[in-house]
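Chain and residue survey
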Amino acid sequence: MIKRISHTPVWVLDQDSAKKFYTEKLGFEVRTDATMDDLRWLTVGPKDQPDFEIILAKPGPPMVDDEAAKAITALVARGQLGAGAMETDDCQRTYEELTKKVFSSCRSRRTGRMGSRRSFATTRGTGSA
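Analysis parameters
Residues numbered from 1 in each chain as written. Predicted model: local features only at pLDDT ≥ 70, side-chain atom pairs only at ≥ 80, totals over all residues. Heavy atoms only, no water. Helix = DSSP H or I, 4+ residues; strand = E, 2+ residues; numbered from the N terminus. Buried < 20%, exposed > 50% of the residue type's maximum accessible area, 1.4 Å probe, protein only. Contact = heavy atoms within 4.5 Å. Areas by Shrake-Rupley, 256 points an atom, 1.4 Å probe, with all protein chains shown as cover. Pairing = 2+ DSSP bridges. Axes fitted to C-alpha atoms, helices over the stretch in contact; angles between N-to-C directions. Core = buried A, V, L, I, M, F, W, Y, C linked by side-chain atoms within 4.5 Å. Polar contact = N/O pair within 3.5 Å; in protein donor to acceptor, adjacent residues only side chain to side chain. Phe/Tyr/Trp six-rings, centres within 6.5 Å; stacked < 30°, edge-to-face > 60°.

**Some thoughts on the overall build of the protein chain**
- A tally of helices and strands in the protein chain yields three helices and six strands.
- Put simply, the protein chain runs from its N terminus to its C terminus through helices and strands in the order β-α-β-β-β-α-α-β-β.
- By residue count, 28% of the 129 residues in the protein chain fall in the buried class.
- Expressed as a percentage of contacts within the protein chain between residues at least 6 apart in sequence, the contacts between residues at least 24 apart total 48%.
- About 8900 Å² of surface is accessible on the protein chain, with carbon and sulfur atoms providing 49% of the total.

**Considering the sheet that holds strand β1 (residues 7-11)**
- Taken together, four strands build an open sheet; the order of strands is β1-β4-β3-β2 and the sheet is mixed. For this open sheet the edge positions go to β1 and β2 (29-36), each flanked by a neighbour on one side alone. Direction aside, neighbouring strands of the sheet carry axes that sit 25 degrees apart on average.
- Of the strand pairs in this sheet, β2 and strand β3 (residues 39-45) are connected by seven bridges, and their pairing is antiparallel.

**Some remarks on the nonpolar core**
- Of all hydrophobic cores here, the largest spans 11 residues; its members are V10, V12, A18, F21, Y22, F28, L42, V44, F52, I54 and L56.
- Looking at this core, the element that brings in the most residues is helix α1 (residues 15-25), giving three residues.
- Counting residues in hydrophobic clusters, the runner-up holds seven residues, among them W11, A57, V64 and I72.

**Some remarks on the environment of Q15**
- Inspection of the secondary structure assignment puts Q15 in helix α1.
- Sequence-wise, Q15 and A57 are 42 residues apart; in three dimensions their C-alpha atoms are separated by 7.1 Å.
- In this structure the side chain of Q15 is engaged in a polar contact, spanning 3.3 Å, whose partner is the backbone oxygen of R40.

**Quick word on the packing of aromatic side chains**
- Taken as a whole and assessed by the stated rule, the structure comprises two aromatic pairs.
- Residues F21 and Y22 carry aromatic rings whose centres are separated by 5.2 Å and whose planes lie at 85 degrees to one another, so their mutual orientation is edge-to-face. One exposure class covers both F21 and Y22, and it is buried.
- Taking the centre distance of 5.7 Å and the plane angle of 45 degrees together, the rings of Y22 and F28 count as tilted.
- Residue Y22 is classed as buried on the basis of its relative accessible area of 3%.
- Linked through ring pairs, F21, Y22 and F28 together constitute an aromatic cluster.

Right, dumping it as structure tokens:
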């Protein structure tokens, strides 16, 4: 029986740039950085969540075929692929920190029964949003 999700992919155009973004800007740690044949297996994750890894995956074989890789690359390059939700203890403080360090704009702010939520503009090519 499946017990939990341990890995999820985030498509990126440049694994080194994405690694730098996730570690230096978001404070994640590198979990794995290994090359197997022509595949670089690069994962990062939040320091306080050791049981979950984000695969910083470059589109291409063996993950996907060439046709799919072209489509994924085009979407990532336009900043139109990728979504996720991250939890924080203080949404406003995290928003202010990330706006200074990473993002130039905030798309929306909503407060409702699920608490405060912010949507950030995409940092193109890093798979981040």
